[in-house]
Amino acid sequence: MTATELINHMIPPLKPTDNGHKAIVWMEELRVNQLPVIERGKFKGFITEEIILEENDSSIPISQYELEGQECFVTEDQHFYDVIRVASLHELQMVTVINSHGNFEGVIAIEDTIQAFAESTAVQEPGAILVLLMNQRDYSLAEISRLIESENAKILSSTVNSDAKDHSMLRVTLKLNITEVSHITASLERFGYKIIGRFQEEEIKSNDQERFDMLMRYLNI
């Protein structure tokens, strides 16, 4: 899903000539705490509720406030992963979308991006999650994918992060299309991969449930 598809057209931009009071009123109506500011079609930054309150004068034009997130934007063809990355980098809840000419197209609210991710096939499709820890030089998604596919499974999505304790190491999180992954973890470990997390969606019956099922089968004879 690209950035253009995630634009929230209910969130309007402000102009530098608008004042802080108008911004606060719009924020309250839209239930947000920041809004984009544009001038002649160009994105100038975000005005936030905190900026206006710190100035202690909502009557002055927005052009006199110090805006935030002037670089908090993505281009219209970027993926929603990029949207989340940029928002996190600037610590804002919105990201601006600009077109190939650098003109403002709209903004994306991070909550809309999270919703889009939650509705994606990678999340909705049942399957297990594996977390691998490895040295950066050993990382090869193609090789990991080959091993998993040799066990008749597929990777639905993957994320890669530096390990918080050792930046030379990577944490690779994989969402698979099957729930029983014992044979896959055994195969990965056989090839030297370290599994540090394993989460399965498959429901496992308790002993009490099994005994109850046996009793019901007996009574039905």
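Read on for a plain summary of the structure. (Residues numbered from 1 in each chain as written. Predicted model: local features only at pLDDT ≥ 70, side-chain atom pairs only at ≥ 80, totals over all residues. Heavy atoms only, no water.)

**Observations regarding the overall build of the protein chain**
Cut-off, in case you're wondering: What counts as a helix is a DSSP run of H or I of at least four residues, what counts as a strand is a run of E of at least two, and both are numbered from the N terminus. The rule is simple: take the accessible area with a 1.4 Å probe, protein chains only, and divide by the maximum for that residue type; under 20% is buried, over 50% is exposed, in between is partly exposed. By definition, residues are in contact when any of their heavy atoms lie within 4.5 Å. Residue burial considers only the protein chains on display, and all accessible areas are found by Shrake-Rupley using a 1.4 Å probe.
The number of helices and strands found in the protein chain is eight helices and nine strands. Scored against the burial criterion, the 221 residues of the protein chain give a buried share of 37%. For the protein chain, contacts bridging at least 24 residues in sequence account for 55% of all contacts bridging at least 6. Accessible surface computed for the protein chain: about 13700 Å², of which carbon and sulfur atoms make up 49%.

**Focus: the packing of aromatic side chains**
For clarity, the threshold we go by: Ring geometry is summarised as follows: Phe, Tyr and Trp rings, the Trp one being its six-membered ring, pair when their centres sit within 6.5 Å, and such pairs are stacked at plane angles under 30 degrees, edge-to-face over 60 and tilted between the two.
Taken as a whole and judged by the stated rule, the model has one aromatic pair. Consider the rings of Phe-43 and Phe-46, whose centres lie 5.2 Å apart with planes at 65 degrees: the pair is edge-to-face. Each of the two residues, Phe-43 as well as Phe-46, counts as buried.

**Some thoughts on the environment of Ser-158**
Position of Ser-158 among the secondary structure elements: in strand β7 (residues 155-162). For the pair Ser-158 and Lys-175, spaced 17 residues apart in sequence, the C-alpha separation works out to 6.4 Å. Excluding anything up to four places from it in sequence, Ser-158 contacts Leu-141, Thr-173 and Leu-174.

**A closer look at the pairing of strand β2 (residues 42-48)**
Residues in a regular strand project their side chains so that they alternate between the two faces of the sheet. Which entries qualify depends on this criterion: Two strands pair under a simple rule: DSSP has to find at least two bridges between them.
With five of its seven residues buried, β2 lies for the most part within the structure. The pairing of strand β1 (residues 34-39) with β2 spans six bridges and is classified as antiparallel. Bridging across to β2, Glu-39 finds its partner in Lys-42. Adjacent in sequence and paired antiparallel, β1 and β2 are bridged by two residues, among which Arg-40 carries a positive phi angle near 55 degrees.

**Re the side chain of Ser-187**
Within the secondary structure, Ser-187 sits in helix α7 (residues 182-190). Those residues in contact with Ser-187, other than ones at most four positions away along the chain, are Leu-147 and Glu-151.

**Some thoughts on unusual backbone geometry**
A positive phi angle, close to 60 degrees, is found at Asn-56, a residue other than glycine. With respect to the helices and strands, Asn-56 occurs in the loop between α2 (49-55) and β3 (73-75). The backbone phi angle of Asn-152 is positive, close to 60 degrees, even though this residue is not glycine. Among the secondary structure elements, Asn-152 is positioned in the loop between α6 (141-149) and β7.

**Concerning the sheet that holds strand β8 (residues 169-176)**
The cut-off we apply is this: Structural elements are reduced to axes, namely lines fitted to C-alpha atoms, with helices fitted over the stretch in contact, and the angle between N-to-C directions of any two is expressed from 0 to 180 degrees.
If you walk across this open sheet you meet the four strands as β7-β8-β6-β9, and the pairing is antiparallel. Two strands close off the open sheet at either side, each with one partner strand: β7 and β9 (194-199). Averaged over all pairs of adjacent strands, the angle between strand axes in this sheet comes to 20 degrees, irrespective of strand direction. Pairing of strand β6 (residues 129-135) with β8 involves seven bridges; the strand directions are antiparallel. Bridging from a neighbouring strand, Leu-132 pairs with Val-172 of β8.

**Focus: the nonpolar core**
The condition that has to hold: By convention a nonpolar core is built from buried Ala, Val, Leu, Ile, Met, Phe, Trp, Tyr and Cys residues, the set being connected through side-chain atoms within 4.5 Å.
Grouped together as the largest cluster of nonpolar side chains are 36 residues, with contacts concentrated most on Ile-47, Ile-62 and Val-95. Elements that contribute at least two residues to this core include exactly α1 (20-30), β1, β2, α2, α3 (80-90), β4 (94-98), β5 (104-109) and α4 (110-118). Discounting chain neighbours no more than four positions away, the residues touching Ile-62 are Leu-14, Lys-15, Pro-16, Asp-18, Asn-19, Gly-20, Ala-23, Val-37, Ile-47 and Leu-67. In terms of nonpolar packing, the next biggest core, distinct from the first, is built from 17 residues, Leu-132, Ile-148, Leu-174 and Val-181 among them.

**Describing the pattern of salt bridges**
Condition: When a carboxyl oxygen of Asp or Glu is within 4 Å of a side-chain nitrogen of Lys or Arg, the pair counts as a salt bridge.
Counting across every chain of the model gives five salt bridges. Residue Asp-18 is joined to Lys-15 by a salt bridge in which the shortest nitrogen-to-oxygen separation is 3.7 Å. Accessibility expressed as a relative area gives 8% for Asp-18, which makes it buried. Taking the relative accessible area as the measure of exposure, Lys-15 reaches 43% and is therefore partly exposed.

What is shown is where atoms sit, not what they do.
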